[in-house]
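Each chain, letter by letter, is given below.
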Amino acid sequence: QVQLVESGGGLVQPGGSLRLSCARSGRTFSSYTMGWFRQAPGKERQFVVGITWTGGSTYYADSVKGRFTISRDNAKNTVYLQMNSLKPEDTAVYYCAFARIYYSDYGRVSDPDRYDYWGQGTQVTVSS
């Protein structure tokens, strides 16, 4: 089992920044994939960004490229999502996800069905 706990959400004005954290605990794996997804009311869960633990390859949705940055701290088993230049359309519940398999292509990294464990989510609201 893997446990994921997100934090860092909140209310921010358009153009502002937030940093989300996802702390992982439980069983360890030598190679895996982690991702951030988001879901706005009435919409399907949407891929935001993913990172492979082996090699650290990153994959971004077009809607967040240049504004969001994913990073990791191996010692703390934590992945971060730095969100800059936030827009009202970024408003959603953000979820951290963990896949037990290392994926090396955007198609699989961005597919929510490929992930085995999910956090509880953290609300991000971008509004003036």
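Here is a short report on the structure shown in this document.

With that out of the way, let us pick up the overall build of the protein chain. Across its full length, the protein chain holds 1 helix and 11 strands. Ordered by position from N to C terminus, the α and β elements of the protein chain give β-β-β-β-β-β-β-β-β-α-β-β. Scaling as 2.2 N^0.38, a compact globule of 128 residues should have a C-alpha radius of gyration of about 14 Å, and the protein chain matches this with 14 Å. Its C-alpha atoms give the protein chain principal-axis dimensions of about 45 × 25 × 25 Å. The proportion of buried residues among the 128 residues of the protein chain is 44%. Considering only contacts within the protein chain whose residues lie at least 6 apart along the sequence, 58% involve residues at least 24 apart.

Let's shift gears to the state of the cysteines. In the structure shown here, the tally under the stated rule is 1 disulfide. The partner cysteine of Cys 22 in its disulfide is Cys 96, sulfur to sulfur 2.0 Å. On the sign convention where negative is left-handed, the bridge of Cys 22 and Cys 96, at about -80 degrees about the S-S bond, is left-handed. Highlighted residues: Cys 22 in strand β3 (residues 18-26) and Cys 96 in strand β9 (residues 92-99), separated in sequence by 74 residues. Each member of the pair Cys 22 and Cys 96 is classed as buried.

Let us look at the pairing of strand β5 (residues 46-52). A large share of β5 lies buried, amounting to 6 of its 7 residues. Taken together, the 6 bridges between strand β4 (residues 33-39) and β5 define a ladder with antiparallel strand orientation. Bridged to Phe 37 within β5 is Phe 47. The hairpin turn running from β4 into β5, its antiparallel successor, is 6 residues long, and Gly 42 in that turn takes a positive phi close to 80 degrees. In this sheet, strand β6 (residues 58-60) lies alongside β5 in antiparallel orientation, the contact comprising 3 bridges. From the neighbouring strand, Ile 51 faces β6, where its bridge partner is Thr 58.

The next thing to look at is the nonpolar core. Within the largest apolar cluster, 38 residues are counted, with the highest numbers of intra-cluster contacts made by Met 34, Trp 36, Val 79, Leu 81, Met 83 and Tyr 94. A total of 6 residues in this core trace back to one element, the largest contributor, which is β9.

A separate point is the pattern of salt bridges. Think of it this way: side chains of opposite charge can pair up when their charged atoms draw near. Considering all chains together, one arrives at 6 salt bridges under this definition. Through salt bridges with shared partners, a single ionic network connects Arg 38, Arg 67 and Asp 90.

Calculation notes
- Residues numbered from 1 in each chain as written.
- Predicted model: local features only at pLDDT ≥ 70, side-chain atom pairs only at ≥ 80, totals over all residues.
- Heavy atoms only, no water.
- Helix = DSSP H or I, 4+ residues; strand = E, 2+ residues; numbered from the N terminus.
- Rg over C-alpha atoms; globule rule 2.2 N^0.38 Å.
- Buried < 20%, exposed > 50% of the residue type's maximum accessible area, 1.4 Å probe, protein only.
- Contact = heavy atoms within 4.5 Å.
- Disulfide = S-S within 2.5 Å.
- Pairing = 2+ DSSP bridges.
- Core = buried A, V, L, I, M, F, W, Y, C linked by side-chain atoms within 4.5 Å.
- Salt bridge = Lys/Arg side-chain N within 4 Å of Asp/Glu carboxyl O.

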